[in-house]
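Architecture at a glance
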Amino acid sequence: MLTPESLAQIDREVAKYPADQKRSAVMSALRIAQVEKGWLSSDTIKFVAEYLGIAPMAAHEVATFYNMYDRAPVGKYKITVCTNLPCALSGGVDAGEYLQKKLGIHFNETTADGKFTLKEGECMGACGYAPVLLVNNHTMCNHMTPDAIDRKLAELN
């Protein structure tokens with residue numbers, strides 16, 4: 001289900017915890033699986049749970065609680081726009097609207113070419129740099145004015 005490289009990464013995460021606390025690595029293990037697969041299917045979640053020796057429902061609860069996990073396929077670039085109050089007041093809503101218009105999609109949609117998925121996100125802890133975007137759960141972009149958004153989209157194309 002996962003490559004030997006991904007399993008080795010999970011093993012490194014598991015090793016950070018006491019032997020009887022493998023469950024503590026579930027978030028990292030799901031992240032590693034998602035990076036490899038692009039999203040988390042029920043089968044992938046079940047595999048991760050069994051690999052860690054925990055109930056599949058325990059891993060499913062984590063995968064459905066946190067918005068960093070994708071339970072359906074997403075585009076090559078998943079762009080998450082922070083629209084919590086501080087970002088909203090500092091241009092987050094405008095950034096979201098600009099992206100929707102620019103990409104021709106709404107939140108929770110993917111462009112026809114499969115390149116971009118647009119998501120609305122919760123606080124990313126960078127209120128002083130608003131508005132912020134997160135690309136593929138790993139790259140935070142701040143002060144995202146329309147010009148900055150255009151530059152980021154050009155960079156991703």
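About the cut-offs
- Residues numbered from 1 in each chain as written.
- Predicted model: local features only at pLDDT ≥ 70, side-chain atom pairs only at ≥ 80, totals over all residues.
- Heavy atoms only, no water.
- Helix = DSSP H or I, 4+ residues; strand = E, 2+ residues; numbered from the N terminus.
- Buried < 20%, exposed > 50% of the residue type's maximum accessible area, 1.4 Å probe, protein only.
- Contact = heavy atoms within 4.5 Å.
- Core = buried A, V, L, I, M, F, W, Y, C linked by side-chain atoms within 4.5 Å.
- Phe/Tyr/Trp six-rings, centres within 6.5 Å; stacked < 30°, edge-to-face > 60°.
- Disulfide = S-S within 2.5 Å.

The chain goes by NADH-quinone oxidoreductase subunit NuoE in an unreviewed UniProt entry, where it is assigned to Chitinimonas viridis.

**Looking at the side chain of threonine 44**
Along the chain, threonine 44 falls in helix α3 (residues 42–52). Of the residues examined, threonine 44 reaches a relative accessible area of 3% and is grouped as buried. Excluding residues that lie within four positions of it along the chain, threonine 44 makes contacts with Met1, Ala33 and Lys37.

**Comments concerning the nonpolar core**
Ranked by size, the top nonpolar core spans 21 residues in total, and within it Ile10, Val26, Leu30, Leu40, Val48, Leu52 and Ile54 carry the most contacts. Those elements giving two or more residues to this core turn out to be α1 (4–14), α2 (26–37), α3 and α4 (56–65). Setting aside anything within four residues of it in sequence, one finds leucine 52 in contact with Ile10, Val14, Lys22, Ala25, Val26 and Ala29. Listed in part, the 18 residues of the second largest apolar core include Ala95, Ile105, Phe107 and Cys141.

**A word on the packing of aromatic side chains**
For the coordinates displayed, the defined rule picks out three aromatic pairs. Ring geometry for phenylalanine 65 against tyrosine 66: centres 4.8 Å apart, planes inclined by 85 degrees, an arrangement best described as edge-to-face. By relative accessible area, which is 34% here, tyrosine 66 ends up partly exposed.

**Considerations on the state of the cysteines**
Summed over the entire model, instances satisfying the criterion amount to zero disulfides. Between cysteine 87, a free cysteine, and cysteine 82, which holds the nearest cysteine sulfur, the sulfur-to-sulfur gap is 3.5 Å. Given a relative accessible area of 2%, cysteine 87 falls into the buried group. With no disulfide of its own, cysteine 127 lies closest to cysteine 123 among cysteine sulfurs, the gap being 4.1 Å. Given a relative accessible area of 36%, cysteine 127 falls into the partly exposed group.

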